[in-house]
Each structure stands twice: as structure tokens, then as C-alpha cells.
Amino acid sequence: MLSHRSHPEATPLSMTVDRSDPAAPLIRVGGDLAYTTAGPLRAEVDRVLADAPPALVLDFTGLLFIDSTGLGVIVHAWREGQQCGTALRLRAVPRFLATILDMTGVTGLLARPLDEGLTAAEGAAGHPAGMA
């Protein structure tokens with residue numbers, strides 16, 4: 001149950017980056033965020049985090065599908081942000097993604113303050129969920 005579609009990865013990943021607010025760069029993600037398409041988003045997250053902005057915003061308005069690799073990119077962005085002092089914020093989260101984030105414990109992980117410094121495995125180990 002990853003989305004309402006039956007053919008994953010049928011839509012290429014689309015991504016735009018808006019750095020007009022240097023304190024909170026925005027990456028808009030659309031299409032399918034999956035094993036075969038996640039690489040460019042992960043690379044862009046790393047490029048943005050290299051500047052250690054106070055926040056990084058991922059906007060999922062156009063997201064149609066996500067698999068475990070795509071979910072891993074979100075966790076990667078959180079973990080790397082923790083290391084450089086960047087808060088990760090998710091925006092326009094579709095219902096199917098919100099459900100996956102809740103079921104996997106990632107919602108609770110994302111809600112943790114920057115100074116807790118937990119690993120992704122520790123954070124996903126059943127802590128209460130709340131949207132960041």
C-alpha cells in the first residue's frame with residue numbers, strides 16, 4: 001500500500017529547487033520517488049545541506065508514489081540535517097505519504113529537536129508520531 005496506483009515508477013521524478021530564501025531552501029518533488037528515481041533527489045539534498053541552512057523544506061505537492069528507497073531519502077535528509085544543524089520540514093504531504101511516515105515512525109523522528117542527535121534507527125523505534 002504505497003499509493004493508489006498499481007504501476008510504480010510509471011512517472012519520472014520531477015524536482016525543482018528554490019533557493020530564494022537562503023535560510024530555508026525548498027525542493028519540490030513530484031512524480032515517483034522510488035529506487036530507480038531517488039538518486040537525483042538525494043544528491044540535491046546533499047548539495048543543499050552542504051551550505052548548512054537553518055532549514056530545508058521538501059514539498060511533496062506532486063508526489064504520486066514512494067517506495068522504501070524514497071522514504072530512505074527523507075530519513076537521509078533528516079539525519080544529515082541533524083549533523084549540520086539543519087531542520088527538515090515537509091510540506092504538502094499527500095495522505096498516502098503521511099500514512100507511511102506514521103506507520104514507519106518517521107513522523108516522530110522528524111519531530112525531534114535538532115539537539116537530540118538520535119540515529120535514524122533509534123528514532124524510528126516506536127516513538128510517538130507527530131508532524132514536524
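Residues numbered from 1 in each chain as written. Predicted model: local features only at pLDDT ≥ 70, side-chain atom pairs only at ≥ 80, totals over all residues. Heavy atoms only, no water.

Visitor: Teacher, can you tell me more about helix α3 (residues 95-104) here?
Guide: One full turn of an α-helix is made of 3.6 residues, so residues set three or four places apart face in the same direction. Turning to α3, its buried residues are F96, L97, A98, I100 and L101. Packed against the buried residues of α3 are β3 (55-66), α2 (68-84), β4 (87-91) and α4 (106-110). G105 occupies a position one or two residues after α3 and carries a positive phi of about 85 degrees. (Buried < 20%, exposed > 50% of the residue type's maximum accessible area, 1.4 Å probe, protein only. Helix = DSSP H or I, 4+ residues; strand = E, 2+ residues; numbered from the N terminus. Contact = heavy atoms within 4.5 Å.)

Visitor: Is there a simple way to explain the side chain of H76 in this structure?
Guide: With respect to the secondary-structure elements, H76 resides in helix α2. Of the polar contacts made by the side chain of H76, one reaches the side chain of R42; its length is 3.2 Å. The contact partners of H76, leaving out residues within four places of it in the chain, are R42, V45 and D46. (Polar contact = N/O pair within 3.5 Å; in protein donor to acceptor, adjacent residues only side chain to side chain.)

Visitor: Could you clarify how one ought to interpret the pattern of salt bridges in this entry?
Guide: Considering all chains together, one arrives at four salt bridges under this definition. Two residues, D51 and R19, come together in a salt bridge whose shortest N-O distance is 3.4 Å. Of the two residues, D51 is situated in the loop between α1 (39-49) and β3 and R19 in the loop between β1 (14-18) and β2 (26-33); the sequence distance between them amounts to 32 residues. Its relative accessible area of 55% is what places D51 among the exposed residues. Linked by salt bridges that have partners in common, R19, E44, R47 and D51 make up one network. (Salt bridge = Lys/Arg side-chain N within 4 Å of Asp/Glu carboxyl O.)

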